[in-house]
Amino acid sequence: MTVQIGHILLADHERIDRLLGEVFKLAQAFDAQAPQSVRRLGDEPDPVIEQMKTQIHVKWVEIEASLMNHMQAEETFLFPVLKQVDMQEALALQGEHQAIRNTFTEIGTGVVIATSPITPHFAQLLRSHTKRESELLYAWASAHAPPNIAETLKMRLKRTFIDL
Ligand SMILES: [Fe+2]
Ligand SMILES: [Fe+2]
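This structure is a prediction, so every number in the text was calculated from the model and none was measured.

S.K.: Which residues make up the overall build of the protein chain, and what values go with them?
M.R.: For the protein chain, the count of helices and strands is 5 helices and 0 strands. For the protein chain, the sequential pattern of α-helices and β-strands runs α-α-α-α-α. With the principal axes as the frame, the protein chain shows a C-alpha extent of 60 × 30 × 20 Å. Pairs at least 24 residues apart make up 76% of the contacts formed inside the protein chain by residues separated by at least 6 positions.

Okay, structure coming up:
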């Protein structure tokens, strides 16, 4: 069966989106729970709170790895081919990747993601980037990119999306 570039990249976007939804939910739950757990100096850490922090951290690290791998895969295998037909679009997408990376780093890690004002901005950037790619890049690549790129991309995405 031939691998469709747009199909696998969109599946990866959907997976990252789902993980983000999960981590935001966890972070909001933490935010609601944490103030009720008043801790005094010398007290043992609240195990419920500690477990929530760990869950959020683990998921955030997974999202970071997936997002960075996804963007690197596009930059390595798709953007060079796109540049040959549409330099302007390739540079615009590259710029969006940089903005996504910067904003992701600015949010910080762990429980701050629930309250950081940068979080909604990041979510918006990623959403509009996904829309732009699916309308232009993925549609074009599925029809015109060299066939071996699809398999290579899939192998690369599988580093973080094992079930792909
Ligand atoms: Fe991208
Ligand atoms: Fe993408």
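S.K.: Kindly report on the nonpolar core, identifying the contributing residues and their values.
M.R.: By size, the foremost hydrophobic cluster in this structure holds 15 residues, and its most contacted members are Val23, Leu26, Ala27, Phe30, Ile56, Trp60 and Ile63. Sorting the residues of this core by element identifies helix 1 (5-33), helix 2 (47-85) and helix 4 (118-144) as the ones contributing at least two each. With 6 residues, the top contributor of residues to this core is helix 1. Dropping the residues within four chain positions of it, Ala27 is found in contact with Ile56, Val111, Ile113 and Ala114.

S.K.: An account of the environment of Pro147 is requested, with residue identities and associated values reported.
M.R.: Mapped onto the secondary structure, Pro147 falls in helix 5 (residues 147-157). For Pro147 and Gln4, which are 143 residues apart along the polypeptide, the C-alpha to C-alpha distance reads 9.1 Å.

S.K.: Could you give me a rundown of helix 4, with the residues and numbers involved?
M.R.: Counted at 1.5 Å a residue, the expected span for helix 4 with its 27 residues is 39 Å, and the 37 Å between its end C-alpha atoms agrees. A bend of about 45 degrees at Ser134 is the largest found in helix 4. Looking only at helix 4, the buried set comprises Thr119, Phe122, Leu126, Glu133, Leu137, Tyr138 and Ala141. Turning to helix 4, the residues buried within the fold contact helix 1, helix 2 and helix 3 (87-107).

S.K.: Tell me what's going on with the confidence of the model for the protein chain, and back it up with residues and numbers.
M.R.: Averaged over the protein chain, the pLDDT score is 90; the fraction of residues at 70 or greater is 96%. Considering each helix and strand of the protein chain separately, the mean pLDDT is smallest for helix 5, with a value of 92, and largest for helix 3, with 96.

S.K.: An account of helix 3 is needed here, citing residue identities and associated values.
M.R.: Counted at 1.5 Å a residue, the expected span for helix 3 with its 21 residues is 30 Å, and the 31 Å between its end C-alpha atoms agrees. Every buried residue belonging to helix 3 is among Leu93, His97 and Phe104, and all of these are buried. Each buried residue of helix 3 sits inside an arc of 50 degrees when the element is viewed along its axis, so together they form one side. Among the exposed residues of helix 3, those pointing more than 90 degrees away from its buried face are Met87, Gln88, Gly95, Gln98, Asn102 and Thr105. If you follow the buried residues of helix 3, they end up packed against helix 2 and helix 4. In the stretch just after helix 3, Gly108 is the one whose phi turns positive, near 90 degrees.

S.K.: Any details on the environment of Ile63? Residues and values, ideally.
M.R.: Relative to the elements of secondary structure, Ile63 occurs in helix 2. Once residues within four sequence positions are removed from consideration, Ile63 is found in contact with Ile16, Leu19, Leu20 and Val23.

S.K.: Tell me about the packing of helix 1 against helix 2, and name the residues and values.
M.R.: Close contact between helix 1 and helix 2 brings their axes to 9 Å; oriented N to C, the two are set at 155 degrees. One element, helix 1, and the other, helix 2, form an angle in the roughly antiparallel class. Relative to helix 2, helix 1 is oriented so that their crossing is left-handed. Contact with helix 1, carried on its side by Asp12, Ile16, Leu19, Leu20, Glu22, Val23, Leu26, Ala27, Ala29, Phe30 and Gln33, involves Ile49, Met52, Gln55, Ile56, Lys59, Trp60, Glu62, Ile63, Ser66, Leu67 and His70 of helix 2 and no other residues of that element. A class-by-class count of the residues in the contact of helix 1 with helix 2 yields 14 nonpolar, 4 polar and 4 charged.

Reading the values: rules and limits
Residues numbered from 1 in each chain as written. Chains lettered and ligands numbered in written order. Predicted model: local features only at pLDDT ≥ 70, side-chain atom pairs only at ≥ 80, totals over all residues. Helix = DSSP H or I, 4+ residues; strand = E, 2+ residues; numbered from the N terminus. Contact = placed C-beta atoms within 7 Å. Core = buried A, V, L, I, M, F, W, Y, C linked by C-beta atoms within 7 Å. Buried ≥ 20, exposed ≤ 12 C-beta atoms within 10 Å, placed from the backbone. Expected span 1.5 Å × (residues − 1). Bend = angle between axes of the 7 residues up to and from the residue. pLDDT = per-residue confidence, 0-100. Arc of directions from axis to C-beta. Axes fitted to C-alpha atoms, helices over the stretch in contact; angles between N-to-C directions. Parallel < 35°, antiparallel > 145°, perpendicular 65-115°, else oblique. Left-handed = near helix turned anticlockwise from the far one by under 90°. Nonpolar A, V, L, I, M, F, W, Y, C, P; charged D, E, K, R; others polar.

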